[in-house]
Amino acid sequence: MLWIKNGIVIDPKNGIDGEKMDIFVKDGKIVEESEVNKNECQVIDANNKLVLAGGVDMHAHIAGSKINTGRTMRPEEMRIVRQTAGKLRASMGRVLLTSPAIGYEYAKIGYTTAVEAASPPIGSPHTHEELDAIPVVDKAALPVFGNWHPVFKFTAEKDREKLKAFIAWALERTKGFGVKVVNPGGVEAWMYGGNVRSLDDEVPNFGVTPREIITELVKANEELNLPHSVHLHCNNLGVPGNYQTTIETMKLVSGMKNDDRQVLHVTHVQFNAYAGSSWRDVASGAEEIAKVVNSMDNVTIDMGQPIFGHATAMTGDAPFQFTLHKLTGARWSNKDSEIEGGAGIVPIVYLPKNPVHALQWAIGLELGLLVDSDKVVLSTDYPNGGPYTEYPYIMAMLMSKRMREKELERVSPYVQKATSLAAIDVEKTLYEVVQMTRSLPARVLGLENKGHLGVGADADIAIYNINPAEVDPSAQYDVINAEFRRPVYTIKGGEVVVRDGAIVAETWGRTYWVDARKKVDMQAIDEDLNSFFEYYSVERRNYGVDDYWMRSPERLEVN
């Protein structure tokens, strides 16, 4: 049992903004004071310190074949030793971290939940093996659906009942958490050397369009009432002028409603927010996107903020990665995940004096500043935009115009011409940044016990040496940037895992997966699945992941 005394709590889900209060923990949960014996509690003095729920990273690439291929392509990434073996495991990596390092580094900034955002279904055993090797944090994985042949087939046949049954079957077999869609139809076209360039291009051999794929998957997802909405990586990622495709895509869900959450989450939007007609006149489309997101109550986004320095682009959007390889001349790996999707990996270094990189950096910040704080989640799309360990830098930048002005002095002057960043006066408050890193991502994912400190929540807590009554984030951005990097305590499931910025204990989080089989007629797709597996290298009986393979699975049943 824990008794966290006199902390200054910010908890947007419960409407608490800087209130001094005590928090009590028992059996891994936050409980009422009456439920603990104070004489038996471990007391943590949080006087004059900021107490928050543990951070939730709803979009990162932390496990599976892509990050492993990235590690293989970049042996130089393993020259940095973050922690030598001893009581805990050795951890390594510059941006591409080893599995132990991923869990430790999240905990060291006060984050306690992370989601692998694109898992190829056939690779789900590999994904879960790696998730099981990541300590401390709770986890989940999103299997990719947007280029899967049965999805095309049921969409073309306008058979939503079969599509729903297929989603339920796939989530159970992959132990997946939700429906991820990457460049719908484009990766299938890439297998014939092409791509799709608009929502109305037809996917070769299937006669369906991205518009139809997205719309049908969203409707099926909503009828299944899955905890998370469709999680979409839009078409035309990384292409000048693509902001129009992004806006057109968001408007596909106009009129759809869910009382508990959005019906569409559009991810790493920075990469889909470019105006202009070529790389010669590329500019920011962030303001136009922000207007649309702010006007809709059923769409959320995350930033995809680039960080200057090393990164590795890795995505299921195989055609984009080939384009990036041709643009940069960097090493390139392409993966074809049988007939479910694909992927590509390209190393990259974001340079402040490079006009395009500086533009991308500015667009990410514009989105974070201009979109309402209950609709935009902080992310780097790790490792595409850079390391999540730099989240404190992004938080500080969102809260301080002075810090942004100082940073603008060192980037390409092209930013002044092609974006509005310098003219934006918005400074997010601590409350809003907590919303963007805790309560909102938990709500977007549908994880009711995450991202807040109310009774019944998981006891995932971060305590920072920041007194909101004394620290002015606008002027003291260096304090914000420094203190969010070294929590005084990170508590996971009621156990102290970080003290004064250092790992002191290792715990093992849960892996959430969603079971929607009771909502559908699984027999309806039996013949379709048998036919589908005639083309697979894996037999149906051997496909997928069983609970007993996983270290700590937690099934979330949809009724």
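About the criteria used
Residues numbered from 1 in each chain as written. Predicted model: local features only at pLDDT ≥ 70, side-chain atom pairs only at ≥ 80, totals over all residues. Heavy atoms only, no water. UniProt positions renumbered as here; feature names shortened; annotations may be inferred. Helix = DSSP H or I, 4+ residues; strand = E, 2+ residues; numbered from the N terminus. Core = buried A, V, L, I, M, F, W, Y, C linked by side-chain atoms within 4.5 Å. Buried < 20%, exposed > 50% of the residue type's maximum accessible area, 1.4 Å probe, protein only. Contact = heavy atoms within 4.5 Å. Salt bridge = Lys/Arg side-chain N within 4 Å of Asp/Glu carboxyl O.

### Details of the UniProt feature "domain: Amidohydrolase" (unreviewed entry) in the protein
Phase 1 of the analysis: UniProt's feature table lists "domain: Amidohydrolase" (unreviewed entry) at residues 42–498, given in the numbering used throughout.
Phase 2 of the analysis: Counted over residues 42–498, helix gives 35% and strand 19%. Its end C-alpha atoms are 15 Å apart.

### Describing the nonpolar core
Phase 1 of the analysis: In terms of nonpolar packing, the biggest core is built from 150 residues, with Ile62, Phe145, Trp148, Ile167, Leu217, Trp361 and Phe484 touching the most fellow members.
Phase 2 of the analysis: Among all residues touching Trp361, those that are not within four sequence positions of it are Gln305, Pro306, Phe308, Tyr393, Met397, Glu407, Leu408, Val411 and Leu421.
Phase 3 of the analysis: If you look at the next biggest cluster of nonpolar residues, it comprises 20 residues, including Leu2, Val51, Ile463 and Tyr489.

### Structural notes on the side chain of Thr507
Phase 1 of the analysis: Along the polypeptide, Thr507 turns up in the loop between strand S24 (502–503) and strand S25 (511–515).
Phase 2 of the analysis: When neighbours within four sequence positions are excluded, Thr507 is seen to be in contact with Pro135, Val136, Lys492, Glu495 and Val497.

### Observations regarding helix H4 (residues 149–156)
Phase 1 of the analysis: Burial of H4 is extensive: six of the eight residues sit out of reach of the surface.
Phase 2 of the analysis: Listed in full, the buried residues belonging to H4 are His149, Pro150, Val151, Phe152, Phe154 and Thr155.
Phase 3 of the analysis: Where H4 is buried, its residues meet helix H5 (160–174), helix H6 (186–190), helix H7 (210–224) and helix H17 (526–533).
Phase 4 of the analysis: Once H4 finishes, Lys158 follows within two positions and takes phi at roughly 55 degrees, a positive value.

### Focus on the pattern of salt bridges
Phase 1 of the analysis: By the definition in use, this model includes 44 salt bridges.
Phase 2 of the analysis: Its salt-bridge partner being Arg485, residue Glu390 comes within 2.8 Å of it at the nearest N-O pair. In this pair, Glu390 sits in the loop between strand S20 (376–377) and helix H12 (391–399) while Arg485 sits in the loop between helix H16 (477–483) and strand S22 (489–492), placing the two residues 95 residues apart along the sequence.
Phase 3 of the analysis: The class for Arg485 is partly exposed, based on a relative accessible area of 30%.
Phase 4 of the analysis: Notably, a salt bridge pairs Arg540 with Asp526, separated by 3.0 Å at the nearest N-O pair. On the criterion of sequence distance, the pair formed by Arg540 in the loop between H17 and strand S26 (553–557) and Asp526 in helix H17 is long-range, its members being 14 residues apart.
Phase 5 of the analysis: Since its relative accessible area comes to 27%, Arg540 is described here as partly exposed.
Phase 6 of the analysis: When salt bridges with common partners are traced through the structure, they connect Lys29, Asp138, Lys450, Asp458, Asp460, Lys492, Arg510 and Glu554 into a single cluster.

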